[in-house]
Amino acid sequence: MLRMSTLLLRTLREDPADAEVASHRLLVRAGYVRRVAAGIYSWLPLGYRTYRNVEQVIRPTGLIDPEVSVRSTTGQIDDLIDEIRRRSERH
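Report follows, based on the coordinates. (Residues numbered from 1 in each chain as written. Predicted model: local features only at pLDDT ≥ 70, side-chain atom pairs only at ≥ 80, totals over all residues. Heavy atoms only, no water.)

Some words on the overall build of the chain
Right, on to step 1. Within the chain, the regular secondary structure consists of three helices and two strands.
Right, on to step 2. Order of helices (α) and strands (β) in the chain, N terminus to C terminus: α-β-β-α-α.
Right, on to step 3. Considering only residue pairs separated by 6 or more positions, the chain has 7% of its internal contacts joining residues 24 or more positions apart.
Right, on to step 4. Carbon and sulfur atoms form 55% of the exposed surface of the chain, whose accessible area is close to 8300 Å². (Helix = DSSP H or I, 4+ residues; strand = E, 2+ residues; numbered from the N terminus. Contact = heavy atoms within 4.5 Å. Areas by Shrake-Rupley, 256 points an atom, 1.4 Å probe, with all protein chains shown as cover.)

Structure below.
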């Protein structure tokens, strides 16, 4: 069993001032992520370990890498040009 006292991570008692979403507050307080810069977060060791475990559970189900179908863009571009012409004629 791994105890929290043996981990070298920083936990917070109070919510971070910039945290608005509950999940963000909990991840920062528990020591899973750390703010690097405005809007940029880094995984801490415990958070990255948890992320990898969740990924191993989800990946076999196909939720992470679903099959992607690639369509030709020639028809889409023609449709877009027609739509632009129609809208420009209205105004």
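Digging into the pairing of strand β1 (residues 33–37)
Right, on to step 1. Bridging between β1 and strand β2 (residues 40–43) involves four bridges; their strand directions are antiparallel. Pairing of Arg35 across the sheet is with Tyr41, part of β2.
Right, on to step 2. Counted between consecutive antiparallel strands, the loop separating β1 from β2 contains two residues, among which Gly39 sits at a positive phi close to 80 degrees. (Pairing = 2+ DSSP bridges.)

Structural notes on helix α2 (residues 45–58)
Right, on to step 1. The end-to-end C-alpha distance of α2, which contains 14 residues, comes to 20 Å, matching closely the 20 Å that a straight helix rising 1.5 Å per residue would cover.
Right, on to step 2. Buried within α2 are the following residues: Leu46, Gly47 and Glu55.
Right, on to step 3. Where α2 is buried, its residues contact β2. (Expected span 1.5 Å × (residues − 1). Buried < 20%, exposed > 50% of the residue type's maximum accessible area, 1.4 Å probe, protein only.)

Re the environment of Leu27
Right, on to step 1. Within the secondary structure, Leu27 sits in helix α1 (residues 22–30).
Right, on to step 2. Along the chain, Leu27 and Gly47 lie 20 residues apart, while their C-alpha atoms are 8.2 Å from each other.
Right, on to step 3. With sequence-adjacent residues up to four places away left out, Leu27 is seen in contact with Tyr32 and Val33.

A short note on the pattern of salt bridges
Right, on to step 1. In total, this model carries four salt bridges according to the counting rule given.
Right, on to step 2. The residue Arg52 makes a salt bridge to Glu55 at a minimum N-O spacing of 2.8 Å. One end of the pair is Arg52 and the other is Glu55, both in helix α2 and three residues apart, which spans about a single turn.
Right, on to step 3. Under the relative-accessibility criterion, Arg52 is labelled partly exposed at 37%.
Right, on to step 4. One salt bridge connects Asp82 with Arg85, and the closest N-O pair in it is separated by 4.0 Å. In this pair, Asp82 and Arg85 are both assigned in helix α3 (residues 74–90), three residues apart and thus about one turn of the helix distant. (Salt bridge = Lys/Arg side-chain N within 4 Å of Asp/Glu carboxyl O.)

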